[in-house]
Amino acid sequence: MTTTQGIPVTTIVPPAENSIRMLLPHTWLQSHRLLTRWRRDPMTVVQTLAYPVAMLVMLDVVLGRQVTAFAGHDALYGTVPMVAVMSALLGSLAGTITLRRECEAGLPGRLWTLPVHRASALLSRSVAEAVRIAATTTVIVAIGMALGFRFHAGALAALGFVAVPVIFGVGFAVLVTTIGLTWSNTGVVEAVSLLCTLLLFFNPGFVPVTAYPGWIRPLVENQPMTAAVETMQAFSLGGPVAEPLVRILAWSAVLIAGCAIPLVRRYRRALC
C-alpha cells in the first residue's frame, strides 16, 4: 500500500500466470512479436538472409567448378547446407543483440509485471528461432535449386534437411543468449560471431575434408558445423545419415542441457 497526499492507495499487482492452459497462446503471442521485430530489423535481415544468399551465389560462381571436380559431385551439395547452417547461427547472434537492447530498455521487466506465463518469455524465443531458421533455410534451398541443387533422396529427406539447421540453430541460440545475458559487453557476442565465420572455412561444405592438411583435419572433422553439413549432405545426396545425425543431435542436446539453467537464471536477473 502506498500513499498519495496522505490518502492510502492500494497498488494492485497482477498475479503471475502459470497455468498450462495459457502457456501455448502466450508463447505464440510473444513469438509473433519477436518474428515481427526481426523482420523489420535491417541487421537481422542482412545477417540471416541477404549475406548467406550472396555468399551462396559467390561461392558457386568462384569455387563451384573447382570443388565439383575435386569432390566428384556438385559443390552445391556442400555449400547449400553450409550456408543454411551459417544463416541459422548468424541469425541467433543477431537475436541475442536484440535481446540485450530490449533488456537495456526495460521491455522484459515491463512484460514481467503483466499476467503472462513466465515460461513463455524464453520458450517463445526458441519457437521464433525455429520458425525463422526454417523460413530462411527454405529460401536458401530455393536459391540453391535455381543454381542446380536437388534432393535425390525424396521429400522426407528434404524435411530432414530443413530440420537439421533448426535443431542445431535452437541449441546454438540457447548458448549465445546465455553468453549475451552473462556479459553485457557486446564484444563477447561479436567474438562468437567471428569464431562462427572462421568455422565457415573449416567444414566439408567449403571443401571436402580430404582437402585440408592432416594437422588440422581432426578439428574440421569434429567441429559441430561439420556434423550438421554432413547430415544435410546425406539427406540431399543420399547415403548413410545415422552417424552424422547422432553427432549433431548430441551437440544440440549438450548445448541446450548445459545452458538451460544458467539461461533462466541470467534472464531472471536481467529483469531486476
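Residues numbered from 1 in each chain as written. Predicted model: local features only at pLDDT ≥ 70, side-chain atom pairs only at ≥ 80, totals over all residues. Heavy atoms only, no water.

## Quick look at the overall build of the protein chain
- On a plain count of helices and strands, the protein chain comes out with 11 helices and 2 strands.
- Secondary structure elements in the protein chain, listed N-terminal to C-terminal, are β-β-α-α-α-α-α-α-α-α-α-α-α.
- Oriented by its inertia axes, the alpha-carbon framework of the protein chain measures out at about 85 × 35 × 30 Å.
- Residue burial in the protein chain is summarised as follows: out of 272 residues, 44% are buried.
- Restricting the contact set of the protein chain to residue pairs at least 6 apart, pairs at least 24 apart contribute 78%.
- Summed over all atoms, the accessible surface of the protein chain reaches about 13700 Å², with 70% contributed by carbon and sulfur.
- A distance of 10 Å separates the average location of the 19 positive side-chain charges in the protein chain from that of its 11 negative side-chain charges. (Helix = DSSP H or I, 4+ residues; strand = E, 2+ residues; numbered from the N terminus. Buried < 20%, exposed > 50% of the residue type's maximum accessible area, 1.4 Å probe, protein only. Contact = heavy atoms within 4.5 Å. Areas by Shrake-Rupley, 256 points an atom, 1.4 Å probe, with all protein chains shown as cover. Lys, Arg positive; Asp, Glu negative; His and termini not counted. Charge placed at Lys NZ, Arg CZ, Asp CG, Glu CD.)

## Section: the side chain of Gln30
- Tracing the sequence through the fold places Gln30 in helix α1 (residues 20-40).
- According to the relative accessible area criterion, Gln30 is buried, its value standing at 13%.
- Sequence-distant contacts of Gln30, defined by excluding residues within four places in its chain, comprise Leu111, Ser120, Ala121 and Ser124.

## Focus: the packing of aromatic side chains
- Throughout the structure, instances matching the rule amount to 6 aromatic pairs.
- Between Phe149 and Phe151 the ring centres are 5.2 Å apart and the planes differ by 85 degrees, which places this aromatic pair in the edge-to-face class.
- Owing to a relative accessible area of 0%, Phe149 belongs among the buried residues under this scheme.
- Look at Phe151 and you get partly exposed, because its relative accessible area is 22%.
- Their ring planes at 80 degrees and their centres at 5.3 Å tell us that Phe201 and Phe206 sit as a pair that is edge-to-face.
- The class for Phe201 is partly exposed, based on a relative accessible area of 37%.
- Through a chain of ring-to-ring contacts, the aromatic side chains of Tyr77, Phe149, Phe151 and Phe161 assemble into a single cluster. (Phe/Tyr/Trp six-rings, centres within 6.5 Å; stacked < 30°, edge-to-face > 60°.)

## Some details on α1
- In a regular helix each residue adds 1.5 Å, so 21 residues correspond to 30 Å; α1 covers 31 Å between its end C-alpha atoms and thus fits that length.
- Looking only at α1, the buried set comprises Met22, Leu23, His26, Thr27, Gln30, Ser31, Leu34, Thr36 and Trp38. (Expected span 1.5 Å × (residues − 1).)

## Brief notes about the environment of Pro52
- Within the secondary structure, Pro52 is located in helix α2 (residues 42-62).
- Counting along the chain gives 24 residues from Pro52 to Trp28, while the straight-line C-alpha distance between them is 27 Å.
- Beyond its immediate chain neighbours, meaning those up to four positions away, Pro52 contacts Val46, Gln47, Val83, Ser87 and Ile140.

## A short note on the confidence of the model for the protein chain
- For the protein chain, per-residue confidence averages 85 on the pLDDT scale, and 91% of positions sit at 70 or higher.
- At the level of individual helices and strands, the protein chain shows its lowest average pLDDT in strand β1 (residues 2-4), which scores 48, and its highest in helix α10 (residues 224-237), which scores 93.
- Taken together, the stretch residues 9-13 has pLDDT below 50 and engages in 6 contacts with residues farther than four places along the chain or on a different chain. (pLDDT = per-residue confidence, 0-100.)

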